[in-house]
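Okay, here's what each chain looks like letter by letter:
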Amino acid sequence: MQSAIKNQEDTDNTIYNRLVRLWLATILLILPFQMTISTYIAPWSSKASTIINNLDELTIVVFLLLAIGEFYKLKKLPNNLFFFCLSL
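A short tour of the structure in this document, coming up. (Residues numbered from 1 in each chain as written. Predicted model: local features only at pLDDT ≥ 70, side-chain atom pairs only at ≥ 80, totals over all residues. Heavy atoms only, no water.)

1. Considerations on the packing of aromatic side chains
Next up, step 1: Under the defined criterion, the tally for this structure stands at one aromatic pair.
Next up, step 2: Seen in terms of ring centroids, Y40 and W44 are 5.1 Å apart; in terms of plane orientation they differ by 80°. Their pairing is edge-to-face. Across this residue pair, the class does not change: Y40 and W44 are exposed. (Phe/Tyr/Trp six-rings, centres within 6.5 Å; stacked < 30°, edge-to-face > 60°. Buried < 20%, exposed > 50% of the residue type's maximum accessible area, 1.4 Å probe, protein only.)

2. Let's talk about the side chain of T59
Next up, step 1: Relative to the elements of secondary structure, T59 occurs in helix α4 (residues 55–74).
Next up, step 2: Classification of T59 by relative accessible area gives buried; the value is 10%.
Next up, step 3: Beyond its immediate stretch of four places on either side in the chain, T59 contacts W23 and I27. (Helix = DSSP H or I, 4+ residues; strand = E, 2+ residues; numbered from the N terminus. Contact = heavy atoms within 4.5 Å.)

3. Focus on a nonpolar patch on the surface
Next up, step 1: Judged by side-chain polarity, I15, L19 and L22 come together as a nonpolar surface patch covering roughly 300 Å² of accessible area.
Next up, step 2: Residue placement: I15 occurs in helix α1 (residues 2–30). (Patch = residues over 30% accessible without salt bridge, like charges linked within 9 Å, V, L, I, M, F, W, Y side chains within 5 Å. Areas by Shrake-Rupley, 256 points an atom, 1.4 Å probe, with all protein chains shown as cover. Salt bridge = Lys/Arg side-chain N within 4 Å of Asp/Glu carboxyl O.)

4. Re the side chain of Q34
Next up, step 1: Within the fold, Q34 resides in helix α2 (residues 34–41).
Next up, step 2: Within polar-contact distance, the side chain of Q34 engages the side chain of D56 at 3.4 Å.
Next up, step 3: Contacts of Q34, omitting those with residues within four sequence positions, involve I52, N53, N54, L55 and D56. (Polar contact = N/O pair within 3.5 Å; in protein donor to acceptor, adjacent residues only side chain to side chain.)

5. Let's talk about the packing of α2 against helix α3 (residues 46–53)
Next up, step 1: Here α2 crosses α3 at 175°, and the two axes come no closer than 8 Å. When the interaxial angle is binned, α2 and α3 end up roughly antiparallel. The residues of α3 that touch α2, namely those facing Q34, M35, I37, S38 and I41, are A48, S49, I52 and N53.
Next up, step 2: The residue inventory of the contact of α2 with α3, partitioned by class, reads five nonpolar, four polar and no charged. (Axes fitted to C-alpha atoms, helices over the stretch in contact; angles between N-to-C directions. Parallel < 35°, antiparallel > 145°, perpendicular 65-115°, else oblique. Nonpolar A, V, L, I, M, F, W, Y, C, P; charged D, E, K, R; others polar.)

6. Topic: the packing of α3 against α4
Next up, step 1: Contact pair α3 / α4: the axes reach a minimum separation of 5 Å and the direction vectors enclose 60°. Taken together, the axis directions place α3 and α4 in an arrangement best described as oblique. Packed against α3, whose contacting residues are I51, I52 and N53, the element α4 presents L55, D56, E57 and L58 at the interface.
Next up, step 2: Its residues placed into classes, the contact of α3 with α4 shows four nonpolar, one polar and two charged.

This is the structure in structure tokens:
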């Protein structure tokens, strides 16, 4: 029973890591063309254009919240300056 739970957690962690890596790689490829894509989509959907225009800011907010959650879950900080940098 315990090993089944551990295997499920490992699988979830692997999927989580793959999604994070995929998103970061995708955002790096999209960022140079972000304004062009946003301008091209604007005539069809202003909301989609706004989302694409703010994609980098949304990524920072989401990953910052995920990082804070991971630090609280592990109950340790890799560096004591983390909260100082976070407060800037």
